Amino acid sequence: MKITLKVWRQKNAQDKGGFKTYQLDDVSPDMSFLEMFDVLNEQILKKGEDPVHFDHDCREGICGTCSMYINGKPHGPKQTTTCQLHMRSFSDGDTIVVEPWRAQAFPVVKDLVVNRSSFDRVIQAGGYVSVNTGGVPDANEIPIPKKIADEAFDSATCIGCGACVAACKNASAMLFVSAKVSQLAMLPQGQVERKTRVEKMVAQMDEEGFGACSNTGACSAECPKEISLENIARLNREYLKAKSSSDNV
Amino acid sequence: MSSTLGKKLLMALTGLFLVIFLVVHLSGNLQLLLNDEGRAFNVYAKFMTTNPLIKTTSFILYATFIIHIVWAIMLTVNNKKSRPVGYAKVSGSNSTWSSRNMGILGTIIFIFLVIHLKNFWYVMHWGPVEMVKYDGVEYKDLYATVDVAFSQLWYVVLYVVAMLGLMFHLFHGFASAFQTLGLNHVKYNPVIKFVGAAFAIIVPAMFAAIPVIIYFKNL
């Protein structure tokens, strides 16, 4: 396959950046999108130029590191991660535009690499369960209905890749925050900190500069883990309940 | 209420209140189509501007409009700040057009609202408007004012365009309000979606039909 790439190049956070066009003449349809980028970088290195920096880690669709905004969509045309996107999803002679995630809260580090620590700070604000030390509790000591356990698990499958923020016209982190609030709000272990958690996580989300939710549904449509919009409704509910009844003034 | 979630909650609540207002407004407007030289409409207009309970409600309505507009501007400004550098290429296939353009649709409705208020609401309150007598009681002849306005093609076109804007605004807004209130349930989602879509089509269409019918009547 012959592919023309328009890739965002930016030296550092201060640099203005711009697109650079590259030509690849021998791309296998069985390559993953990242492997195609490896080939591109070899080509660039041979010329003695600076290779394109991009984030990647597991290349198994589990970690969510491979952030790339491909042809107007996070992770490209398929609802998956960039590493699980294959070149057969494109046609011979295609021009592909590759950009970094764009959000105030995700500043560009270099080229396609963005800093997603704002997500970490949201989790640090309350996305955990405090565990007191002591004996290990017996398995099945706390009964949880299968349906609830499944729902909580569905929410917990969020890998924090940031595609929801990248896809949202407001760069809102609602889908991410709602999944992280939901997975704990539905389980007995999460009850102790339930109200404080949602208050703190939403406050941190706003603090980081993510936008508000317009309920367009673009986030869920692009989420590689198919996190549903029900989570956002649950977050709205949890927040309203917490704000109207918690002791935090 | 200062958080993004709080602001959106206010948008949802005011939006749903405005939806109720649309029903009341439409039921009043439909009296324009009665073949009674505007008698029922004029009596209704007087009632709506003099009854103390309605007057109190109207002030709540003005506040609702202002909150819905001002908070929308605040949210939009904040949302734009959340993405200072935009994308070169954006695919719109992951969401509906109206859900992404509520601000533009709202602006169309707002421009219409200003002209609409000036033409009818202002005239009804502070004139000039002709008087008419039914059974010895004086009424402002708002029907005559409406009749004149709806005989002008530009006004009818503006009206229809604004109602199209309202249609798409409601198409997203109605169901979206429930999601913001946290009401998302497998059992009720199809109902909310259906009622929202039906409301978004029927109500603006009926609003728009009135000036069109009067325009052709007066030709």
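These figures come from a predicted structure and were not determined experimentally. (Residues numbered from 1 in each chain as written. Chains lettered and ligands numbered in written order. Predicted model: local features only at pLDDT ≥ 70, side-chain atom pairs only at ≥ 80, totals over all residues.)

Draft legend 1. Looking closely at the overall build of chain A. Of regular secondary structure, chain A possesses 8 helices and 7 strands. When its C-alpha atoms are laid out on the principal axes, chain A stretches across 60 × 40 × 35 Å. Every one of the 249 residues in chain A was classed for burial, and the buried ones make up 45%. When contacts within chain A are restricted to residue pairs at least 6 apart in sequence, long-range pairs at least 24 apart make up 70% of them. (Helix = DSSP H or I, 4+ residues; strand = E, 2+ residues; numbered from the N terminus. Buried ≥ 20, exposed ≤ 12 C-beta atoms within 10 Å, placed from the backbone. Contact = placed C-beta atoms within 7 Å.)

Draft legend 2. Molecular detail of the domain arrangement of chain A. Residue and element names in this part refer to chain A. On domain assignment, one finds that chain A holds domain 1 (3–109) and domain 2 (116–245). Each of domain 1 and domain 2 was reduced to a C-alpha centroid, and the two centroids are 29 Å apart. Contact with domain 1, which involves 18 residues of that partner, is made by 16 residues of domain 2. Split into classes, the residues belonging to the side of domain 1 that touches domain 2 amount to 8 nonpolar, 8 polar and 2 charged. (Domains from an automatic or database assignment. Nonpolar A, V, L, I, M, F, W, Y, C, P; charged D, E, K, R; others polar.)

Draft legend 3. Region of the structure containing the packing of helix α1 (residues 4–29) of chain B against helix α8 (residues 189–217) of chain B. Residue and element names in this part refer to chain B. Two elements in contact, α1 and α8, have axes whose closest approach is 10 Å; the angle formed by their N-to-C orientations is 30°. If you check the angle between α1 and α8, you find them roughly parallel. Helix-helix and strand crossings are classified by hand; for α1 and α8 the assignment is left-handed. Residue-level contacts link Leu22, Leu26 and Asn29 of α1 to Val203, Met206, Phe207 and Ile210 of α8. Of the residues assigned to the contact of α1 with α8, the class counts are 6 nonpolar, 1 polar and no charged. (Axes fitted to C-alpha atoms, helices over the stretch in contact; angles between N-to-C directions. Parallel < 35°, antiparallel > 145°, perpendicular 65-115°, else oblique. Left-handed = near helix turned anticlockwise from the far one by under 90°.)

Draft legend 4. Spotlight on α1(B). Here α1(B) contains 26 residues, and its C-alpha end-to-end distance of 36 Å stays within 8% of the 38 Å for a straight helix at 1.5 Å per residue. Listing the buried residues of α1(B) in full gives Thr4(B), Leu5(B), Lys8(B), Leu9(B), Leu10(B), Met11(B), Ala12(B), Thr14(B) and Gly15(B). Buried positions along α1(B) lie against α6 (194–207) and α8 (230–245) of chain A together with α3 (52–81) and α7 (153–180) of chain B. (Expected span 1.5 Å × (residues − 1).)

Draft legend 5. Inspection of the nonpolar core at higher detail. Core analysis: the largest hydrophobic core is formed by 100 residues, its most contacted members being Cys164(A), Val165(A), Ala173(A), Leu175(A), Phe176(A) and Val177(A). The element that contributes the greatest number of residues to this core is α7(B), accounting for 13 residues. Not counting chain neighbours up to four residues away, the residues in contact with Leu175(A) comprise Cys164(A), Cys219(A), Ser220(A), Cys223(A), Ile227(A), Asn231(A) and Ile232(A). (Core = buried A, V, L, I, M, F, W, Y, C linked by C-beta atoms within 7 Å.)

Draft legend 6. Local environment of the confidence of the model for chain B. Residues at a pLDDT of 70 or more form 100% of chain B, whose mean pLDDT is 93. Here the complex is predicted with pTM 0.93, and the ipTM for its interfaces comes to 0.91. (pLDDT = per-residue confidence, 0-100.)

Draft legend 7. A look at the interface of chain A and chain B. At the interface, 38 residues of chain A touch 32 residues of chain B. Breaking the side of chain A that touches chain B down by element, the ones donating at least two residues are β5 (95–99), α6, α7 (218–222) and α8 of chain A. Looking at the side of chain A that touches chain B element by element, the count peaks at 8 residues for α8(A). Of the residues that constitute the side of chain A that touches chain B, the class distribution is 18 nonpolar, 11 polar and 9 charged.

Draft legend 8. Expanded view of the environment of Lys180(A). All names here are of chain A. Tracing the backbone shows Lys180 in helix α5 (residues 174–185). Given 26 C-beta atoms within 10 Å, Lys180 falls into the buried group. C-alpha of Lys180 to C-alpha of Ala156: the two residues are 24 residues apart in sequence and 6.7 Å apart in space. Each residue touching Lys180, except ones within four places of it in the same chain, is listed here: Ile123, Gly127, Cys158 and Met201.

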